[in-house]
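# Structural characterization, general
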Amino acid sequence: MRTGAENLYRATSNSRVRETVALELSYVNSHLQLLKEELEELSSGADSGRRGRAPEADMDCRGQQGSALQSGVNASGCSEAVTVPMIPLGLKETKELDWSTPLKELISVHFGEDGASYEAEIRELEALRQAMRTPSRNEAGLELLTAYYHQLCLLDARFLTPARSLGLSFQWYDSLTGVPAQQRALAFEKGSVLFNIGALHTQIGARQDRACIEGVRCAVEAFQRAAGAFSLLREKFSRAPSPDMSAASLCALERLMMAQAQECVFEGLSPSASMGPRDCLAQLHLAQEAAQVAAEYRLVHQTMAQPPVHDYVPASWTTLVHVKAEYFCSLAHYHIAMALCDSSPATEGALPTHEQVFLQPPASSKPRGPALPLELEERRKLGKAHLKRAILGQEEALRLHTLCRVLREVDLLRAVVAQALQRSLAKYSELDYEDDFREAAEAPDVRPKTRQKPEARMPRLSQGKGPDIFHRLGPLSVFSAKNRWRLVGPIHLTRGEGGFGLTLRGDSPVLVAAVIPGGQAAAAGLKEGDYIVAVNGQPCRWWRHAEVVAELRASGDAGASLQVVSLLPGSGLPGLGDRRPALLGPKGLLRSQREHGCKTPASTRASPRPLLGWSRKTQQGKTGSCSKPGAPAKAAPPSPSGLPGRL
């Protein structure tokens, strides 16, 4: 069904037909997400070792929720409560991709090597991408996604130039609408993987057991890292072909994750609240924390209600954040009422000022003393006013929840709000005297304030770093499509009375730093700036300075056979129609290797390289940001083992 809808979506130019097909794709996508969620529940049901673990909460594009009934005391003060459900994102889906043809052709044309000899590396890359399409919903899945993301950064640095792409078409399905989008830019592949890294963090955060402190901490960190992934993607990726990766959508998702992290912070305050239920200052603190959560969700709701985000985000998401905004606002008034009516009266000096706890009317600039009155009757009347606002807010939250039409009802949220409403009504009946006919006081708004403001954190992109799959092609500083070079050799270099007559420097590859005029190296044709790539038939692109020097000295009076590459000016990539290798004209490195017995080096672990982004901006002071691709194609800086050495 989805394939047929995709074909019609691409073929038609009628806007009304495209809207109908997009709706059909959204419907199909929601059912696919539901099926994946049910399969995940079956899989997690077999794991009996984790008590209280929530089933997979991979929300479909119409706002499906998954959560678990959890016991424990939360910040609302109830000992048997249900955890408020969170909104996780579904992963973007993609189709299989054939890397073989373009990579083999590029390796043969630009690098001058036999592309067929890299069949194992290409299969490894394809296997990694295939596994990345269905990652597990845990840390292992994150490592898999980041490992593939790291390889994409290395592919970008080695094979691509600003003027040339791989010629592959990368197709991904929108996470929110299910509509397919495709681009020929590798940046779209990288951006989609980074989006899935953020989406997987949301799923990990939503399935945490937030009845315990450790679960709350893990949930906060997961939502922070999800927000960091969306922030990085919004900063790096432009002209997104799919709605879920547009700047407006990513901004809304980032704010949603920060609001959910703030909600988890509020839930983590439950132990201190339960140890001192009659502590007036603790109740005021909880009230301001709840007001902070409500303010965060109001901002999210405003963002989601505006076009174009309103057209893409599921309506159930918009309603859910609206319900949460009303619920936590009512919870703030409830805790103020508890501070007024149930807490032990505090001295005037111990209480914060009225301006520190409550928002002031625009026309009011006169100081109003302590936050809470000291007389019992005034405390009762003001507490009753705050309870009235709490009841009205909870009734509004239930009304909004009832009006929301979703594929599957989120009963847990209804239970949370209904339980809070019953508690507020019971407390209000205690304070409502039959002979009290005086007009109720006006309850001011609670000032939002938090002691722990979550901040977006970059995902751990470095945890997926591993050896470059195409490590055998040589160090990226020299052997990339951004550079052009020619192969010189074999050059027979003998030792004279003054030695070889050259100075070597650096590692991987070793650079000819200087050539003595009239010396043996100059007579053999070596030039300053050449890189040594083979010594006596042994490839040495990854050799250290000391290893090359030792091999040359061991050659004795018979001399050594060298192959070097000389970088050419410019960074243009030869056309793929030109079948001649760019390394050495008609013969190239491939034929020279066959004639002189050069063996392809076995893959070894490369030195760590920074992740490479698709934006050319240098990110300073940001954890996990991608560095600027392509080091200068010049001499490597001297290292302790690669200091200039004269031979």
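About the criteria used
- Residues numbered from 1 in each chain as written.
- Predicted model: local features only at pLDDT ≥ 70, side-chain atom pairs only at ≥ 80, totals over all residues.
- Heavy atoms only, no water.
- UniProt positions renumbered as here; feature names shortened; annotations may be inferred.
- Pairing = 2+ DSSP bridges.
- Helix = DSSP H or I, 4+ residues; strand = E, 2+ residues; numbered from the N terminus.
- Expected span 1.5 Å × (residues − 1).
- Buried < 20%, exposed > 50% of the residue type's maximum accessible area, 1.4 Å probe, protein only.
- Salt bridge = Lys/Arg side-chain N within 4 Å of Asp/Glu carboxyl O.
- Phe/Tyr/Trp six-rings, centres within 6.5 Å; stacked < 30°, edge-to-face > 60°.
- Lys NZ or Arg CZ within 6 Å of the ring centre and 35° of its normal.
- Contact = heavy atoms within 4.5 Å.
- Core = buried A, V, L, I, M, F, W, Y, C linked by side-chain atoms within 4.5 Å.
- Domains from an automatic or database assignment.
- Polar contact = N/O pair within 3.5 Å; in protein donor to acceptor, adjacent residues only side chain to side chain.
- Axes fitted to C-alpha atoms, helices over the stretch in contact; angles between N-to-C directions.
- Left-handed = near helix turned anticlockwise from the far one by under 90°.
- Nonpolar A, V, L, I, M, F, W, Y, C, P; charged D, E, K, R; others polar.

Named according to an unreviewed UniProt entry, the chain is Rhophilin Rho GTPase binding protein 1 originating from Saimiri boliviensis boliviensis. Regarding the chain, the relevant UniProt record gives this comment under Sequence similarities (unreviewed entry): "Belongs to the RHPN family."

## Some words on the pairing of strand β4 (residues 502-505)
Pairing geometry for β4 and strand β5 (residues 510-515), over four bridges, is antiparallel. Bridge pairing in β5 links Thr-503 to Ala-514. Hairpin connection between β4 and β5: a loop of four residues separates the two successive antiparallel strands, and Gly-506 in this loop has a positive phi of roughly 80 degrees.

## Describing helix α7 (residues 213-236)
Taking 1.5 Å of rise per residue, the 24 residues of α7 would be expected to cover 34 Å, and the 35 Å separating its terminal C-alpha atoms lies within 8% of that figure. Of all 24 residues making up α7, 18 are buried, and the element is well covered by its neighbours.

## What about unusual backbone geometry?
A cis amide bond, omega 5 degrees, links Pro-307 with the succeeding residue Pro-308. If you trace the backbone, Pro-308 turns up in the loop between α10 (280-305) and α11 (309-312). Cis geometry is adopted by the peptide bond preceding Pro-509, which originates at Ser-508 and carries an omega value of -5 degrees. Position of Pro-509 among the secondary structure elements: in the loop between β4 and β5.

## Regarding the pattern of salt bridges
Considering all chains together, one arrives at 20 salt bridges under this definition. A salt bridge links Glu-221 to Arg-460, with the nearest nitrogen and oxygen atoms 2.4 Å apart. Here Glu-221 is found in helix α7, whereas its partner Arg-460 is found in the loop between α15 (411-431) and β3 (484-493), with 239 residues between them in sequence. A salt bridge links Glu-430 to Lys-427; the nearest nitrogen and oxygen atoms lie 3.2 Å apart. In this pair, Glu-430 and Lys-427 are both assigned in helix α15, three residues apart and thus about one turn of the helix distant. You can call Glu-430 exposed: its relative accessible area is 51%. Residues joined in a network through salt bridges with shared partners are Glu-214, Arg-217, Glu-221, Arg-225 and Arg-460.

## Remarks on the packing of aromatic side chains
Here the distance between the centres and the angle between the planes together describe a pair of aromatic rings. Scanning all chains against the criterion turns up ten aromatic pairs. The interplanar angle of 50 degrees and the centroid separation of 5.5 Å between the aromatic rings of Phe-195 and Phe-230 together place this pair among those described as tilted. Of the two residues, Phe-195 sits in helix α6 (residues 186-206) while Phe-230 sits in helix α7, which places them 35 residues apart along the sequence. Take Phe-195 and Phe-230: they sit in the same class, and that class is buried. Taken together, the ring pairs in this structure connect Phe-111, Phe-159, Phe-470, Phe-479 and Trp-485 into an aromatic cluster. When the ring centre of Tyr-334 is taken as reference, the NZ or CZ atom of Arg-423 above it lies at 4.8 Å. When the ring centre of Phe-479 is taken as origin, the NZ or CZ atom of Arg-541, which lies over that ring, is 4.2 Å away.

## A word on the environment of Pro-509
By relative accessible area, Pro-509 is classed as buried at 2%. For Pro-509 and Asp-530, which are 21 residues apart along the polypeptide, the C-alpha to C-alpha distance reads 9.8 Å. In contact with Pro-509, other than residues within four places in its own chain, are Pro-475, Val-478, Phe-479, Tyr-531, Ile-532 and Arg-541.

## Here we look at the environment of Leu-299
Its place among the elements puts Leu-299 in helix α10. Judged by relative accessible area, Leu-299 falls into the partly exposed class, the value being 35%.

## Some points on the nonpolar core
By size, the foremost hydrophobic cluster in this structure holds 121 residues, and its most contacted members are Trp-99, Phe-159, Val-193, Phe-195, Tyr-297 and Phe-470. A total of 13 residues in this core trace back to one element, the largest contributor, which is helix α12 (residues 315-341). Of the residues that make up this core, three or more belong to each of domain 2 (96-271 + 461-474) and domain 3 (484-567). Those residues within four positions of Phe-195 in sequence are excluded, and the remaining contacts are Leu-89, Gly-90, Lys-92, Ser-175, Phe-230, Leu-233, Asp-244, Met-245, Leu-250 and Leu-253. In terms of nonpolar packing, the next biggest core, distinct from the first, is built from 20 residues, Leu-493, Val-512, Ile-532 and Trp-543 among them.

## A look at the environment of Gln-288
Examined against the element boundaries, Gln-288 turns out to sit in helix α10. When the C-alpha positions of Gln-288 and Val-357 are compared, they lie 7.2 Å apart, and in sequence the two are 69 residues distant. Setting aside its immediate chain neighbours within four residues, Gln-288 contacts Gln-356, Val-357, Val-446, Arg-447, Pro-448 and Lys-449. At 2.9 Å, the side chain of Gln-288 forms a polar contact with the backbone oxygen of Gln-356. Only 3.2 Å separates the side chain of Gln-288 from the backbone oxygen of Arg-447, close enough to count as a polar contact.

## Observations concerning the packing of helix α3 (residues 100-109) against helix α4 (residues 119-132)
Contact geometry of α3 with α4 gives a least axis separation of 11 Å together with a crossing angle of 140 degrees. Here the hand of the crossing between α3 and α4 comes out right-handed. Across the interface between the two elements, Ser-100, Leu-103 and Lys-104 from α3 touch Glu-119, Ile-122, Leu-125 and Glu-126 from α4. Residues that form the contact of α3 with α4 fall into these classes: three nonpolar, one polar and three charged.

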